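# Chain and residue survey
Listed below are the residues making up each chain.
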Amino acid sequence: MKMLLQTPVILDVDTGVDDALGIILALNSPELDLRAITVCGGNNGLEQCCLNTVRVTHFALKELCPAVAAPVVARGLNPGGKEPEGAAVHGGDGLGGISHRLAFEGEDDLIVPQAAPVVRAVLDHAEAAGEKITIVTTGPLTNFASWTLDMPDLLLNTVSEVICMGGAFRAGGNITPAAEFNIYEDPSAAAVALAFCRGDERSGPAIPITFAGLDVTHKVVLRRAVIENLAARHPHAAMPAFVRDLTTTYMDFYERVRGLEGCALHDPLAVALAIDKSFCAIEPLHVEIETRGEHTRGMTVADTRDSLPAKQNPKRTTGVCTAVDADRFEKFFLQRVTGIEAD
Ligand code: BDR
Ligand code: CA
């Protein structure tokens, strides 16, 4: 029998509807070994994001992949201690109004109160076992930036790459004309994270970092008609109806704001890149984060110039997703999160 070599992963989320879909995708992907899910405030307050995370994880394990080991879920930080701004997008509870349906006894006890010790333990274990960890972030970079200050050497020794959903490079933003939500929520954290991963200019990147930003994530869509049909055709399967109900409010938002009959699959695309990079074309660019601009705070400024100095810049090491195979990704996503093979 052929052994599948799994990629050990820490997933950092601000659960949200599309984070929830990203969690389900990660859990039901045999290529990944999800060791811990750490939570950041963002799409809702930190406590609600923690509850959403533990509820979605519990539900997906029960209904979709009961043989998979439950990852640790740990509470991280709230960006800037401020009120969440994503409520209009993801519904008042961050899960399109269905979070309470997933509540279960003992759920609070499953949330480890601090993420940093959990991350340290996962990385220590990896170091002892000679393994490398992939970190995928689908929320603001607050947690990851704090780890770069707490345990820089451990990260450098044990993390093979960081994949972030965040940024808008050639595309416009979704919070302001310039900025995408995850970066806008904590631009200083994003700047710290990026500088840490870029490393010293002469020795090249310390940890390869890739951004799946709006340039590609707005192109991958779960269509309303597709999930509604799937749920109707499989009335006894739990996941299609669940995904339909989870995404209804989120799709209403996309219809109002972008005229889309469906919703963007931002966070699942970042998770999928930990499985298969070939979903996207990835260009190495020099990227900086705008932390102060009056109109550009949270902008991910990529040097896309054709000039020789730009092309020879040693800081041109940040992976930026510039194109995506949307059809292939959408089929892959649907099969993994519903458990139903395409016809
Ligand atoms: C990002 O913002 C959040 O609302 C989503 O969960 C996603 O991570 C898209 O800009
Ligand atoms: Ca998110």
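Just so we're clear, the structure is a prediction, and the values are computed from it rather than from any experiment.

## Examining the site of ligand 1
Neighbouring ligand 1 are the residues Asp 18, Asp 19, Asn 43, His 90, Thr 138, Met 165, Asn 174, Glu 180, Phe 181, Asn 182, His 266 and Asp 267. A distance of 3.0 Å is found between an oxygen atom of ligand 1 and a side-chain nitrogen or oxygen belonging to Asp 19. With respect to ligand 1, the side chain of His 90 contributes an N or O atom lying 2.9 Å from an oxygen atom. The fraction of the free accessible surface of ligand 1 (280 Å²) that becomes covered by protein chains is 95%. If you list the elements that add at least two residues to the shell around ligand 1, you get helix H1 (17–27), helix H7 (181–185) and helix H12 (266–273). Across the shell around ligand 1, the residue classes tally to two nonpolar, six polar and four charged.

## Side note on the side chain of Ser 29
If you trace the backbone, Ser 29 turns up in the loop between H1 and strand S2 (32–39). A polar side-chain atom of Ser 29 sits 2.6 Å from the main-chain carbonyl oxygen of Leu 25. Discounting residues that sit within four places of it in the chain, Ser 29 has contacts with Ile 275 and Arg 336.

## Side note on the coordination of the calcium ion (ligand 2)
The protein atoms that coordinate the calcium ion (ligand 2) are Asp 14 (OD), Asp 19 (OD), Asp 19 (OD), Thr 138 (O) and Asp 267 (OD), at distances of 2.2 to 2.6 Å. Along the chain, the residues that donate to the calcium ion (ligand 2) are spaced as D-x4-D-x118-T-x128-D. Residue Asp 19 is located in helix H1, and its partner Thr 138 is located in the loop between strand S5 (133–137) and helix H5 (142–150); the two are separated by 119 residues in the primary sequence.

The rules behind these values
Residues numbered from 1 in each chain as written. Chains lettered and ligands numbered in written order. Predicted model: local features only at pLDDT ≥ 70, side-chain atom pairs only at ≥ 80, totals over all residues. Heavy atoms only, no water. Near = heavy atom within 4 Å. Polar contact = N/O pair within 3.5 Å; in protein donor to acceptor, adjacent residues only side chain to side chain. Areas by Shrake-Rupley, 256 points an atom, 1.4 Å probe, with all protein chains shown as cover. Helix = DSSP H or I, 4+ residues; strand = E, 2+ residues; numbered from the N terminus. Nonpolar A, V, L, I, M, F, W, Y, C, P; charged D, E, K, R; others polar. Contact = heavy atoms within 4.5 Å. Donors = N, O, S within 2.8 Å, 3.2 Å for Na, K, Ca; no water.

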